[in-house]
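# Chains, contacts and geometry: an overview
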Amino acid sequence: MKIAYFLGVAAIAVAAPARADTKVIHAGRVITEAGKPALGQSTITITDGRITAIAQGLQPAPAGAELIDLSAKTVLPGLVDLHVHLSSDPGGDFWKEAVEPDEYGVIVGAKNALVTARAGFTTVRDLGSARQVGFALRKGTAQGMIPGPRIVSAGPAISIIGGHGDVSGFRPEVNAVLDGHNSCTGAEQCAARVREASKNGADVIKITATGGVLSQQGRGLGQHFTDVEMKAIADTAHSLGLRVAAHAHGARGIEGAARAGVDSIEHATFADAEAIKVMKANGTAFVPTLMAFTGIRDRLGQNVYTPTVEKKVRETLSDVGKALKAAHQAGVTIAFGTDAGVFEHGRNAEEFGQMVALGGMTPTQALASATTTAAKLLDMDGEIGRISPGYSADIIAVDGDPLSDIRTLEKVQFVMVRGRQIP
Ligand SMILES: [Zn+2]
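Here's what I pulled together on the structure shown here. These numbers were taken from a predicted model, which means no experiment stands behind them.

Moving on: the coordination of the zinc ion. Distances from the zinc ion to its protein donors, namely His83 (NE2), His85 (NE2) and Asp339 (OD), fall within the range 2.1 to 2.2 Å. Positions of the donor residues of the zinc ion, expressed as sequence spacing, correspond to H-x1-H-x253-D. A residue pair is termed long-range when its members are at least 10 positions apart, and His83 in strand β5 (residues 79-84) and Asp339 in the loop between α11 (322-330) and α12 (350-357) qualify at 256 residues. The exposure class assigned to His83 is buried, which follows from its relative accessible area of 1%.

Written out as structure tokens, the structure is:
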């Protein structure tokens, strides 16, 4: 007994942890969660990157703790953008992919990760990047080697041969050299692509269910994958614990993807009543990306786009926001995503104003879409989206009240990701 007691004491002494890193925030007001009444003056304690306590009033910080004074600001959970492309910037010539090495995407992505975090986005879902670029960025920000948001990465999108996501626009030999091994035909091969993506490090599966606007493929914006292929993709992903995000514009492609069991429809530009009905019935989330169309509109007629792309652009612009409004009224889950990369990274929060103005959402609903709702779609409910003990210290602050003027979120004054302050 004596020996056991002695060994027990020794073990405790050896295992004593290094001194905890403690930060204390003095907040003027705290929105702990979209939809809950805001708290007045509060003290938030953060230990080793996690929120450990929220106390009423401005309490003194313990000795050795860093005090952060946000007593004149509204403090709220860090925002989530479910649809970004950190490794690309807007415009640009499509032939760049034949010229620039994939590795350059990491450099562009590091720049955009910082810009995105500064804009208040503490988590992003990167839905399409070349080969290992997104995974390298994910690791770099997680380890604090580069400042940026938490990154949930799809890696390359899965596409039909010649679809949005496959290489197109070059002569066949050049297409073949640039091929990303990310297209598939038939249920079996598409299931295999999902398993390969999982093996290579994908956190989520991105597919292009229909044609897309900014690729050189000239097959329009209608359904690309067959229903059977999408069912195989969704079932395989779910069997591996991965969610599926489906890019889709045309109504039948949206409907088919929702019926196949994908978790979110990205863009959903031409969602009609039938497509919305199927989304609602299947619990499919709608990620509107209204800012993508702002980015496209900004560049139209400036010789940025090829005739193939310009033709598709002109089909979409008059319908922006209509599907969101109808889906929101029908009770479809709306989750925040912008398609940053099609417009300038850092403007992500401009999406909120459009969700309110075009989609008919309240500021509280718009904020929920980028916090609690987004966290749920990422299976990170309990980790991000709220200011609450046990949650990651993903915290932002603004002047004014975002619940009376949602556009205050366009001017974020303070950002912390996983307890690290963004410079
Ligand atoms: Zn996109």
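What follows concerns the pairing of strand β2 (residues 42-47). Here β2 lies mainly inside the structure; five of its six residues are buried. Bridge count for strand β1 (residues 22-30) against β2 is six bridges, and the pairing is antiparallel. Following the sheet pairing, His26 is matched in β2 by Thr43. Summarising the sheet, β2 and strand β3 (residues 50-56) pair through six bridges and their orientation is antiparallel. Of the residues in β3, the one forming a bridge with Ile44 is Ile54. What sits between β2 and β3 in their antiparallel hairpin is a turn of two residues, with Asp48 showing a positive phi close to 50°.

It is worth spelling out helix α3 (residues 133-142) at this point. Residues Val133, Gly134, Phe135, Leu137, Gly140 and Thr141 constitute the buried set of α3. Tucked inside the fold, the buried residues of α3 contact α2 (104-118), β7 (150-153), α5 (186-200) and β14 (420-421). In the stretch just after α3, Gly144 is the one whose phi turns positive, near 75°.

Here the idea is simple: oppositely charged side chains can pair when their charged atoms come close. In the structure shown here, the tally under the stated rule is 28 salt bridges. Among the salt bridges present, the one from Glu173 reaches Arg171, with a minimum N-O distance of 2.6 Å. For Glu173, a relative accessible area of 43% gives the class partly exposed. Relative accessible area serves as the criterion here: at 56%, Arg171 is assigned to the exposed category. Lys231 is the salt-bridge partner of Asp235, the closest N and O atoms lying 2.7 Å from each other. With Asp235 and Lys231 both in helix α6 (residues 227-239) and four residues apart, this pair spans about one turn of that helix. Counted as one network, the salt bridges with shared partners bring together Asp298, Arg299, Glu344, Arg347 and Glu350.

Turning to the packing of helix α9 (residues 290-299) against α12, a few remarks are in order. The N-to-C vectors of α9 and α12 enclose an angle of 105°; their axes lie 9 Å apart at closest approach. As judged from the angle between their axes, α9 and α12 are roughly perpendicular. On the side of α9, the interface is formed by Leu290, Met291 and Thr294, while α12 contributes Glu350, Glu351, Gln354 and Met355. Across the contact of α9 with α12, the residue classes break down as three nonpolar, two polar and two charged.

On to the state of the cysteines. In a disulfide, the sulfur atoms of two cysteines are held together by a covalent bond. Per the stated rule, a full pass over the model turns up one disulfide. A disulfide bridge connects Cys184 with Cys190, and the sulfur atoms are separated by 2.3 Å. Residues Cys184 and Cys190 are joined through a disulfide that is right-handed, its torsion about the S-S bond being 95°. With relative accessibility at 2%, the residue Cys184 sits in the buried group.

To continue, consider helix α7 (residues 251-260). α7 sits mainly inside the fold: eight of its ten residues count as buried. Taken residue by residue, α7 has Ala251, Gly253, Ile254, Glu255, Gly256, Ala257, Ala258 and Ala260 as its buried positions. If you follow the buried residues of α7, they end up packed against α6, β9 (243-248), β10 (264-267) and α8 (273-282).

Thresholds applied
Along each chain, numbering runs from 1 in the same order as the chain's sequence is written. Totals for whole chains, interfaces and linings use all residues, but because this is a predicted model, local features are given only for residues with pLDDT of at least 70 and pairs of side-chain atoms are given and counted only at 80 or more. Heavy atoms throughout the structure, all of them, feed into the side-chain values; hydrogens and water do not. Only nitrogen, oxygen and sulfur atoms qualify as donors, provided they sit within 2.8 Å of the metal or within 3.2 Å for Na, K and Ca; with water excluded from the atoms, sites may seem incomplete. Helix and strand definitions here come from DSSP, where helices need a minimum of 4 consecutive H or I residues and strands a minimum of 2 consecutive E residues; each element is numbered from the N-terminal end. When a residue's accessible area, from a 1.4 Å probe over protein chains only, is under 20% of the maximum for its type it is buried; when over 50% it is exposed; and in between it is partly exposed. Following DSSP output, two strands are said to pair if at least two bridges run between them. Contact between two residues is taken to exist if any of their heavy atoms lie within 4.5 Å; hydrogens are not considered. Any carboxyl oxygen of Asp or Glu that lies within 4 Å of a side-chain nitrogen of Lys or Arg is treated as forming a salt bridge with it. Helix axes use the C-alpha atoms of the stretch in contact, all axes being lines fitted to C-alpha atoms, and the angles between their N-to-C directions lie in the range 0 to 180 degrees. With respect to orientation, any angle under 35 degrees is reported as roughly parallel, any angle over 145 as roughly antiparallel, any angle of 65 to 115 as roughly perpendicular, and every other angle as oblique. In this classification, the charged set is Asp, Glu, Lys and Arg, the nonpolar set is Ala, Val, Leu, Ile, Met, Phe, Trp, Tyr, Cys and Pro, and all remaining amino acids, among them Gly, are polar. When two cysteine sulfur atoms lie within 2.5 Å, the pair is treated as a disulfide.

Everything listed is a geometric property; what it means functionally is a separate question.
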